[in-house]
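# A closer look at the structure
For reference, the chains in residue letters:
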Amino acid sequence: MLEIRNVTKTFGGFTAVSDVSLTVDKGQIAAVIGPNGAGKSTFFNLITGALRPDTGSITLNGADITGIAAHKICGAGMGRSFQRTNIFPKLTVFENVQAAYIAHRGRGHNFWSPAESFYRDETEALLRSIGLWDQRGTIGGIMSYGNQKQLELGLALASDPALLLLDEPTAGMSANETHDAIRLLEKIAGERHLTLLFTEHDMEVVFSIAQKIAVLHQGRKIAEGKPEEVRADPEVRRIYLGHH
Amino acid sequence: MAAQFLFSQFLSGLTTAIFLFLVASGLSLVFGVLRVLNFAHGTFYMLGAYIAWQAVTWLAPAKEAFWPAALLAALAIAALGLVVERFLFRYLYDKEELYQLLFTYALVLILGDAAKMLWGTAQLSVARPPVLDGAITVFGTLLPTYNLFVMILGSVIAVGFWVILQRTSAGRMIRAAAMDREMLGALGTNVGWLYTGVFVVSSFLAGLSGALVSPIKAIVPGMDVEIIVEAFIVVVIGGLGSFWGTFLGALIYGQVLSFGILIFPRFSIFSVFALMAVILIVRPWGLLGRPLK
Amino acid sequence: MSKRIPWTLIIFLAALTIPWLGSRYYTFLSTQIVILSLFAVSYNLLLGSTGLVSFGHAAYFGLGSYACGLLMKELSIPFPIALLAGGLMGAAFAAVAGYFCVRLTKIYFSMLTLAFAQIMWAICFQWNEVTGGDQGVSGIPYPELGWMSSIPGLDGFRIGDYFYIMTLAICIVCIWILQRITNSPFGRLLTTIRENPERASFIGVNVHAYELAAFVIAGGFAGISGALFGIFNRGVFADFMFWPKSAEVLIMTILGGMNHFWGPVVGTIMMVVLNQQITSYTEYWPMVLGIILLVLLFVFPGGLVGAVDAGLKRVTGRAGGRGDA
């Protein structure tokens, strides 16, 4: 489904990502891990078009999405959540998700009808499925961090993506919150037949749900495969000793 | 003949440039550290000129009243800056940028009218200090000694400023704050006093420039708006927050103004903004600024 | 703001009663308030809805005045067409300036809007042949309003009253249109841009395109309000476009409250009334305005409407949400 071929990105003299290739199959849950500075965020930004790779290509279901403009990625079937929560702080939870539907379904060209009547059913269904329905009237910016992360997910899901990119989905969460978040992710991915690609620091999370793991180190991919294979890889063990 | 004329235009452009640099450097400093475009900077400049005039008038008939007057003006404006920052401005730091901008605009309105109340609307001027009341001849053109003095003083201040930024710990803090002030706060620096210090220095420079310009230009209401617009252009050309950018911007703008008026007499009111627009469209971070995120 | 009270209708009816008070002064003041309210509401589409701080909105106001005034005076174009031309003029120039401005953010955006506005001002100020230069265009004719006396209930008014009623009708319709735009899906997506432009693009919003659209719409309605103002003023002058006018509309909007649709209208009423009262006592209106601005910034940052709203919330005990679902 998602094919990344030989992408490289250099900033000035510094090579953040160097000749990395990765394939994610439909319905798979894949993770990209690596110590700090390995280039994970840059790699993600390359996939979502926030940065343009110097070399290499990225295709989604056969369509070339290298360097795609940000507002086109959800049209391409890709959704993204962010490491720092990135929601619409002064809108309510309901309005946040509703806006995402309005944008994705192309209703932004409507200058006349009242926005509040659009996509109410879809918004309700989505909020119920991610467990935020009883917070629907809460202003986004005042919610707890965990709830904001859930809303993040909701925003990404509203564009009905086939592929979901999650940048450190459990960053800053307590053990309980992490557990709930991961269960939710699995449930959603199953219900919607999503393909998931995420990056994480929390190794327990990674090994509990990822089916395929790629390991980056100093911009290069040094290992890839099923969790057990990666766990046993000597190179991976070497670089992670002391980091985990 | 033509060469002489060109040279005199060049010198005039250079005087304007150094002088603008003195004004714009304060503006650039505040922007770099506090991230606010201080509209009231031009008003502080104007008040510096008025206070210098007032001081000279009080000290008359002393011959060399100009020097203490200029210093007094600069210090008075620095004190004004201190009061404004400590008692008012700092409470807006966590508010939206728009509110900070509006605050500086409110100062323009209030202080501008205060100047009218105190000094009326007639044009005032200050005599050049006798020791500098003459002219020298450079390559056949006449250069007033006072202008030469301003040029030298301006350059000295520029170099001094740069040395302070590069070599002292205060300077290092200023440069660090310009890059990442949250980090600086996290490192334990008293960012509050740093802001106050920067604002006070900027005010001092504004007041000093105002005082220094009083023998050359008429002191009149509206000079605050005129200068703030020119200072904007200078910092935009050079790059907001960049020290040498401001200097370069001032040099370039001085010459553009000097020669532009020859080519297109109705140049100034149009050109200033056309130039600003072109730079903002083509290269918003200016010549030496950092590219925008 | 999702109360079902038909504020637009209420305000229209309230404003409509002014001519019956029989005072030339009140009618004069109200005409000014109505026209400038439209100007401020158009500005708030940029500021309050989209989060764009323009320092040059008065340019489109001024261009609208010039277009309408010149067409009516020099070419005897009928008022309805000239009015529309004023709006189109504002929209067209806003499109040109906006195209470049939306590519910038924050202070750079603001400064470029100012630069464009000042360039337009400078051209109008100097183009003596067309715009009359610094003398402006005077003697703009009133539209033909005699027909209004045949409307039942409306006979016996002065021409100033007829102009007021017509202006009120035009402006309330325009404001109503702007209200529908603000509450439409388009308007909702503008708020996402205001809240978080990066996130907005990732949910599929082409931020530059939406900002440009908002800029053009705002410029168009500013042009219409300018056209009306030129006629009201019997003359069009370049300082309609000069930067303090842009500062004024910004202050009017914030004074009333940029977070509420009717905030700018409240702010306009306050500004016009205060200006009239204070300038009759003192020439130091700028200082008074500056003090008002300080009070606003430190005490009532949400503007008057914001303060009232916050007060009401405290009284009725609602907090942290809206009954929006």
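Owing to the predicted nature of the structure, the values given are computational and were not obtained by experimental measurement.

Calculation criteria
- The numbering scheme is per chain: residues are counted from 1 as the chain's sequence reads.
- As a convention, the first chain written is A and the first ligand written is 1, with the rest following in written order.
- Local features in a predicted model are, by the rule used here, given only for residues with pLDDT of at least 70; side-chain atom pairs are given and counted only at 80 or more, and totals for whole chains, interfaces and linings are based on all residues.
- DSSP calls a pair of strands paired once it identifies at least 2 bridges connecting them.
- Numbering of helices and strands runs from the N terminus; a helix is a DSSP stretch of H or I covering at least four residues, while a strand is a stretch of E covering at least two.
- All axes here are fitted lines through C-alpha atoms, helices being fitted over the stretch that makes contact, and every angle between N-to-C directions spans 0 to 180 degrees.
- Definition of nonpolar core: a set of buried Ala, Val, Leu, Ile, Met, Phe, Trp, Tyr and Cys residues joined via C-beta atoms within 7 Å.
- Using C-beta atoms placed from the backbone, we call a residue buried if 20 or more other C-beta atoms fall within 10 Å of its own, exposed if 12 or fewer do, and partly exposed for counts in between.
- We call two residues in contact when their backbone-placed C-beta atoms lie within 7 Å.
- Values of pLDDT, the confidence the predictor places in each residue, fall between 0 and 100.
- Helices are assigned an expected span. That span is 1.5 Å times one less than the residue count.
- An angle counts as roughly parallel when it lies under 35 degrees, as roughly antiparallel when it exceeds 145, as roughly perpendicular when it falls between 65 and 115, and as oblique in every other case.
- By convention the crossing between two helices is left-handed if the near helix lies anticlockwise of the far one by an angle smaller than a right angle, and right-handed if it lies clockwise.

The strands making up a sheet associate through hydrogen bonds between their backbones, and the pairing can be parallel or antiparallel. Residues and elements named next belong to chain A. The strand order β6-β7-β8-β3-β9-β10 describes an open sheet built from six strands, whose pairing is mixed. Bordering the open sheet on either side are β6 (78-81) and β10 (220-225), each of which pairs with just one other strand. On average, each strand axis in the sheet is inclined to that of its neighbour by 15 degrees, with strand direction left out of account. Of the pairings in the sheet, the one linking strand β3 (residues 29-33) to strand β8 (residues 195-199) comprises four bridges and is parallel in character.

Let us now look at the nonpolar core. By size, the foremost hydrophobic cluster in this structure holds 275 residues, and its most contacted members are A52, A73 and M276 of chain B. Considering every element that reaches this core, the biggest residue donor is helix α10 (residues 207-232) of chain C, with 17 residues. Beyond its immediate stretch of four places on either side in the chain, A52 of chain B contacts A69, A70, A73, V126, G210, A211 and S214 of chain B.

Before going further, it helps to examine unusual backbone geometry. Residue D19 of chain A is not a glycine yet carries a positive backbone phi of 50 degrees. Here D19 of chain A falls in the partly exposed class, since 14 other C-beta atoms lie within 10 Å of it. Its identity as a non-glycine residue notwithstanding, R35 of chain B has a phi of 60 degrees, on the positive side. The topology assignment puts R35 of chain B in the loop between α1 (2-34) and α2 (41-59).

What follows covers the confidence of the model for chain B. Residue and element names in this part refer to chain B. Here chain B shows a mean pLDDT of 85. Residues at 70 or above account for 95%. Of all helices and strands in chain B, the one with the weakest mean pLDDT is helix α7 (residues 181-186) (68), whereas helix α4 (residues 97-119) scores best (94). With pTM at 0.90, the complex prediction returns an ipTM value of 0.88.

Further remarks concern helix α2 (residues 93-104) of chain A. Given 3.6 residues per turn, any residue in an α-helix points the same way as the ones three and four places further on. Residues and elements named next belong to chain A. For α2, with twelve residues, the first-to-last C-alpha span of 17 Å sits near the 16 Å given by 1.5 Å per residue. Across the twelve residues of α2, twelve count as buried, placing the element largely inside the fold. Along α2, the residues classified as buried are V93, F94, E95, N96, V97, Q98, A99, A100, Y101, I102, A103 and H104. Immediately beyond the C-terminal end of α2, within one or two residues, lies G106, with a positive phi of roughly 75 degrees.

At the junction of the two partners, chain C supplies 30 residues and chain A supplies 38 residues. Among the secondary structure elements, those contributing two or more residues to the side of chain C that touches chain A are α7 (159-183), α8 (185-195), α9 (197-202) and α10 of chain C. Here the side of chain C that touches chain A gets eight residues from one element, more than from any other, and that element is α8 of chain C.

Let us look at the interface of chain B and chain C. Contacts between the two partners involve 30 residues from chain B and, on the opposite side, 26 residues from chain C. Sort the elements by how many residues they give to the side of chain B that touches chain C and α4 of chain B lands first, with 13 residues.

Before going further, it helps to examine the packing of α1 of chain B against helix α8 (residues 191-213) of chain B. All names here are of chain B. One can describe the packing of α1 onto α8 by two numbers: an axis separation of 9 Å at closest approach and a directional angle of 165 degrees. Between α1 and α8, the crossing angle belongs to the class labelled roughly antiparallel. In this structure, the crossing between α1 and α8 has a hand that is left-handed. Counting all contacts with α1, which are made through F19, L22, V23, S25, G26, L29, V30, V33 and L34, the residues of α8 involved are Y195, V198, F199, V201, S202, L205, A206, S209 and V213.

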